[in-house]
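Residues per chain, in single letters:
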Amino acid sequence: MPDIDLRFHRDMLVLSAPVAAVLQRQGFDIDRDLEYATLVEPEAVREALRLNKVAGAQCLVTSTAGITAARLAHHGLEEHAQEVVKAGLDIACQLKPQHVLVEVGPCGLPFDPSSKASLNENRSQYADAARACAGATFDAFFLNGFANPSDLKCALMGVRQVSDALVFASVDVDADGVLSGGRHTFAEALEVMVDFEASVAGFATRAPLEAATSLARQACAAGSLPVLAQLIVGAHDPKQGGATESNPYFCPDVLVAAGTQLRGAGAQFLRAGGAATPAYTGALVAASEGFDVVRPDVEA
């Protein structure tokens, strides 16, 4: 397959869902064991990713969200970032996907935007995470789960300090366009993505589809970057019977229509997150595979 950037603004692509839902059913404590499982139980992680590939995901996301030193230190793995990255990439690449994204989540350190020392400390967390990927083959970094523009800025600056690889950037946002940190807006985050050289502008939301579609249009209007839309599944509950404000994506079937609407709003990359199973990935693939990307400004 071509490099992923050659497909920007052309092909609809779906990212694999988080492996958490599959691993939790096998008894893993995801908050504690994900990086450890990547190292010592790679078969379990591989199976979770394999199910997503079987469902049609063109982009597999590695199980490396916690590779910053601050997060690894909580699990006694602060000296093993390169090993976690290598294991995560080995697991994904063995499945021969079209594309692989290396996920990096927020480091979790306190951040004072007015302090140069705080800026340097936070930025170095992401620079070191990017260094842990040096020499590896993958399509892009995936900065995911960010709650405020300042942390995202540090992450983008840190990665750009040591790497010219493509970077997908995504923030968590609610129906009103407020980031999960509670003090900043999606518009502010989009400005950071554009100014600090993100390659793809993204968001993740638990909001109902109408709001998610509006967020996708807002991201498209912010510039020329391709857009990633992630829908967060609160609970997989087919017995729910219908979408609710608290759990609009209650079963995979709902995501067929959702994927179609998000494509119409201009999103190129789609992902089901939260409690999503591989079946949700399959629903997004059914809604988008084979279609070209629609830009709202040229939509008929």
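Look above for the structure.
Presented here is a report on the structure given in the accompanying data block. The model shown is predicted, which means the values in this text are computed figures rather than measured ones. (Residues numbered from 1 in each chain as written. Predicted model: local features only at pLDDT ≥ 70, side-chain atom pairs only at ≥ 80, totals over all residues. Heavy atoms only, no water.)

**Regarding the overall build of the chain**
Part 1 of the reasoning: Secondary structure summary: the chain contains 11 helices and 8 strands in total.
Part 2 of the reasoning: Relative to the 2.2 N^0.38 estimate, which gives 19 Å for 300 residues, the radius of gyration of the chain is 18 Å and therefore close to what a compact globule would have.
Part 3 of the reasoning: Judged by the C-alpha coordinates and their principal axes, the chain covers about 50 × 40 × 40 Å.
Part 4 of the reasoning: For the chain, the residues scored as buried account for 55% of the 300 residues in total.
Part 5 of the reasoning: Just so you have it, the chain exposes about 12,700 Å², and 49% of that area is on carbon and sulfur atoms.
Part 6 of the reasoning: Positive and negative side-chain charges in the chain, numbering 22 and 36 respectively, have mean positions lying 3 Å apart. (Helix = DSSP H or I, 4+ residues; strand = E, 2+ residues; numbered from the N terminus. Rg over C-alpha atoms; globule rule 2.2 N^0.38 Å. Buried < 20%, exposed > 50% of the residue type's maximum accessible area, 1.4 Å probe, protein only. Areas by Shrake-Rupley, 256 points an atom, 1.4 Å probe, with all protein chains shown as cover. Lys, Arg positive; Asp, Glu negative; His and termini not counted. Charge placed at Lys NZ, Arg CZ, Asp CG, Glu CD.)

**A closer look at the pattern of salt bridges**
Part 1 of the reasoning: Enumeration according to the criterion identifies 5 salt bridges in this entry.
Part 2 of the reasoning: A salt bridge links Asp11 to Arg7; its shortest N-O distance comes to 2.9 Å.
Part 3 of the reasoning: The class for Asp11 is partly exposed, based on a relative accessible area of 25%.
Part 4 of the reasoning: Notably, a salt bridge pairs Asp90 with Lys86, separated by 2.8 Å at the nearest N-O pair. Within this pair, Asp90 and its partner Lys86 are both found in helix H5 (residues 81–93), separated by 4 residues, close to a single helical turn.
Part 5 of the reasoning: Judged by relative accessible area, which is 32%, Asp90 ranks as partly exposed. (Salt bridge = Lys/Arg side-chain N within 4 Å of Asp/Glu carboxyl O.)

**Regarding the pairing of strand S5 (residues 166–172)**
Part 1 of the reasoning: Taking burial as the measure, the 7 residues of S5 include 6 buried ones, the bulk of the element.
Part 2 of the reasoning: The sheet contact formed by strand S4 (residues 140–146) and S5 spans 5 bridges and is parallel. Pairing of Phe146 across the sheet is with Val171, part of S5.
Part 3 of the reasoning: Pairing geometry for S5 and strand S6 (residues 200–205), over 5 bridges, is parallel. Bridge pairing in S6 places Ala169 opposite Ala201. (Pairing = 2+ DSSP bridges.)

**Focus on the nonpolar core**
Part 1 of the reasoning: In terms of nonpolar packing, the biggest core is built from 82 residues, with Phe141, Phe186, Met193 and Leu262 touching the most fellow members.
Part 2 of the reasoning: In contact with Phe186, not counting residues within four places along its chain, are Val171, Val173, Gly177, Leu179, Gly202, Phe203, Leu215, Gln218 and Ala219.
Part 3 of the reasoning: Counting residues in each nonpolar core, the second largest holds 14 residues, with Leu15, Leu101, Leu166 and Phe168 among its members. (Core = buried A, V, L, I, M, F, W, Y, C linked by side-chain atoms within 4.5 Å. Contact = heavy atoms within 4.5 Å.)

**Brief notes about the sheet that holds S6**
Paired through backbone hydrogen bonds, the strands of a sheet run either parallel or antiparallel to each other.
Part 1 of the reasoning: Spatially, S1-S8-S7-S6-S5-S4-S3-S2 is the arrangement adopted by the 8 strands of the open sheet, whose pairing is parallel. Sheet topology places strand S1 (13–14) and strand S2 (59–61) at the edges, where each strand pairs with a single neighbour.
Part 2 of the reasoning: Seen against the sheet, helix H11 (residues 278–288) touches S1, strand S7 (227–233) and strand S8 (269–274) and runs at an angle of roughly 160° to S8. (Axes fitted to C-alpha atoms, helices over the stretch in contact; angles between N-to-C directions.)

**A look at the layout of surface pockets**
Part 1 of the reasoning: As a volume, the largest pocket reaches approximately 1,100 Å³.
Part 2 of the reasoning: What lines the largest pocket is a set of 42 residues, and nearest its centre among them are Pro18, Ala20, Glu103, Asn144 and Gly274.
Part 3 of the reasoning: Secondary-structure elements contributing two or more residues to the lining of the largest pocket are helix H1 (20–25), helix H2 (30–40), S4, S6, S7 and S8.
Part 4 of the reasoning: For the lining of the largest pocket, the per-class residue count stands at 17 nonpolar, 15 polar and 10 charged. (1 Å grid on protein atoms, 1.4 Å probe; cavity = no way out; pocket = protein on both sides within 12 Å on 5 of 7 lines; lining within 4 Å. Points joined across faces, edges and corners; volume = space filled by probe spheres on them. Nonpolar A, V, L, I, M, F, W, Y, C, P; charged D, E, K, R; others polar.)

**Digging into the packing of aromatic side chains**
Part 1 of the reasoning: Scanning the model with the defined rule gives 6 aromatic pairs in all.
Part 2 of the reasoning: Measuring from ring centre to ring centre gives 6.5 Å for Phe8 and Phe168, while their planes differ by 70°; the resulting arrangement is edge-to-face. With a gap of 160 residues between them, Phe8 in the segment before S1 and Phe168 in strand S5 connect regions that are remote in the sequence. Like Phe8, the residue Phe168 is buried in the burial classification.
Part 3 of the reasoning: The interplanar angle of 50° and the centroid separation of 5.9 Å between the aromatic rings of Tyr126 and Phe146 together place this pair among those described as tilted. Note that Tyr126 is positioned in helix H6 (residues 116–131) and Phe146 in strand S4, a separation of 20 residues in sequence. Each of the two residues, Tyr126 as well as Phe146, counts as buried.
Part 4 of the reasoning: Among the aromatic residues, those joined into a ring-pair cluster are Phe8, Phe168 and Phe269. (Phe/Tyr/Trp six-rings, centres within 6.5 Å; stacked < 30°, edge-to-face > 60°.)

**A few points about the environment of Ala134**
Part 1 of the reasoning: As for its placement among the helices and strands, Ala134 is situated in the loop between H6 and S4.
Part 2 of the reasoning: By relative accessible area, Ala134 is classed as exposed at 61%.
Part 3 of the reasoning: In this structure, the C-alpha to C-alpha distance between Ala134 and Leu34, residues 100 residues apart in sequence, is 22 Å.

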